[in-house]
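Okay, here's what each chain looks like letter by letter:
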Amino acid sequence: MRLIVTTDSHGRKGRIFDIAERHIDNMDLFINLGDCNNGRDLEDAKLFFGSKLKIKAVCGNCDWGSDLPAVERFSADNAQVLMCHGHTLYVKHGLEMLEQTAKNCGADLVLFGHTHTPYYHYENGLHIFNPGAVQDGRYGIVDITPSGIICIHANI
């Protein structure tokens, strides 16, 4: 299963479109980790790409009034994924709370944004991945395979 992971577009809708268009034929799920112009960037992408673009999203600290959850857990093939923007888990002050939350819910992969800084770490069965900010031209590709999880930082 291939996930395209985005966060922190802050109104740069064109970059969301560029990423989606690049991967529309080779992704299973488009993940957004918040701060996407109160969801308008994603809504416009859904209208343009239609049912070909399957989106799963959480809200960020700049998504005022959003009805999206701040944290969500889901299954992707053989992996448990925890996704969040990160502001409610104070990721700008360290990743301890993020890691503990992921461990408590049995996650294999945790995806977060908020810091705008690409990050990847693997330890004790947990992949921790921040794709970096779309506003800076960064996003992530995550492949979940029977052999394991592969996280890749990418640029537009």
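Structure shown above.
Since this is a predicted model, take the numbers as computed values, not measurements.

Trainee: Describe the overall build of the chain, and please don't skip the residues or the numbers.
Mentor: Scanning the chain from terminus to terminus reveals three helices and 10 strands. Shown N-terminal to C-terminal, the secondary structure of the chain runs as helices and strands in the order β-α-β-α-β-β-β-α-β-β-β-β-β. Here the chain has a C-alpha radius of gyration of 14 Å; the compact-globule value for 156 residues is 15 Å, and the two agree. Principal-axis analysis of the C-alpha atoms places the extent of the chain at approximately 40 × 35 × 25 Å. Looking at the chain as a whole, 47% of its 156 residues are labelled buried. For the chain, the proportion of contacts with a sequence separation of at least 24, taken over those separated by at least 6, is 60%. If you sum the accessible surface of the chain, you get close to 7300 Å²; carbon and sulfur atoms cover 47% of it. Treating the 14 positive side-chain charges of the chain as one cloud and the 19 negative ones as another, the clouds have centres 3 Å apart.

Trainee: Please provide a residue-by-residue account of the pattern of salt bridges, values included.
Mentor: Scanning the model with the defined rule gives five salt bridges in all. Across the pair Asp143 and Arg2 runs a salt bridge whose closest N-O atoms are separated by 2.7 Å. Note that Asp143 is positioned in strand β9 (residues 138-145) and Arg2 in strand β1 (residues 2-6), a separation of 141 residues in sequence. Of the residues examined, Asp143 reaches a relative accessible area of 15% and is grouped as buried. For Arg2, a relative accessible area of 23% puts it in the partly exposed group. A salt bridge links Lys52 to Asp25; the nearest nitrogen and oxygen atoms lie 3.1 Å apart. With a gap of 27 residues between them, Lys52 in the loop between α2 (40-49) and β3 (55-57) and Asp25 in the loop between α1 (13-23) and β2 (29-32) connect regions that are remote in the sequence.

Trainee: Break down the side chain of Thr7 for me, with residues and values.
Mentor: Following the sequence through the fold, Thr7 ends up in the loop between β1 and α1. At 2.9 Å, the side chain of Thr7 and the side chain of Asp8 are in polar contact. The residues touching Thr7, leaving out its near neighbours within four places in the chain, are Asn32, Leu33, Gly34, His85, Gly113, His114, Asn130, Pro131, Gly132, Ala133 and Val134.

Trainee: Run through the sheet that holds strand β6 (residues 109-111), naming residues and quoting values.
Mentor: Taken in spatial order, the five strands line up as β4-β5-β6-β8-β7 in an open sheet, and their pairing is mixed. Each end of this open sheet is capped by a strand with a single partner; those strands are β4 (71-76) and β7 (119-123). Geometrically, the sheet is characterised by an average inter-axis angle of 15 degrees between neighbouring strands, direction not taken into account. Pairing between β4 and strand β5 (residues 79-84): six bridges, direction antiparallel. Of the residues in β5, the one forming a bridge with Phe74 is Val81.

Trainee: Would you mind going over the pairing of β2 in detail, with residue names and values included?
Mentor: What you see with β2 is no split at all: Leu29 and Ile31 on one side and Phe30 and Asn32 on the other are buried throughout. As paired elements, β1 and β2 share four bridges and run parallel to each other. If you follow Val5 over to β2, its bridge partner there is Ile31. Regarding the hand of the β-α-β motif, the stretch spanning β1, α1 and β2 is right-handed. With three bridges joining them, β2 and β3 adopt parallel strand pairing. Note on β3: the bridge partner recorded for Phe30 is Ile55.

Reading the values: the criteria
- Residues numbered from 1 in each chain as written.
- Predicted model: local features only at pLDDT ≥ 70, side-chain atom pairs only at ≥ 80, totals over all residues.
- Heavy atoms only, no water.
- Helix = DSSP H or I, 4+ residues; strand = E, 2+ residues; numbered from the N terminus.
- Rg over C-alpha atoms; globule rule 2.2 N^0.38 Å.
- Buried < 20%, exposed > 50% of the residue type's maximum accessible area, 1.4 Å probe, protein only.
- Contact = heavy atoms within 4.5 Å.
- Areas by Shrake-Rupley, 256 points an atom, 1.4 Å probe, with all protein chains shown as cover.
- Lys, Arg positive; Asp, Glu negative; His and termini not counted.
- Charge placed at Lys NZ, Arg CZ, Asp CG, Glu CD.
- Salt bridge = Lys/Arg side-chain N within 4 Å of Asp/Glu carboxyl O.
- Polar contact = N/O pair within 3.5 Å; in protein donor to acceptor, adjacent residues only side chain to side chain.
- Pairing = 2+ DSSP bridges.
- Axes fitted to C-alpha atoms, helices over the stretch in contact; angles between N-to-C directions.
- Right-handed = clockwise from strand over helix to strand, strands pointing away.

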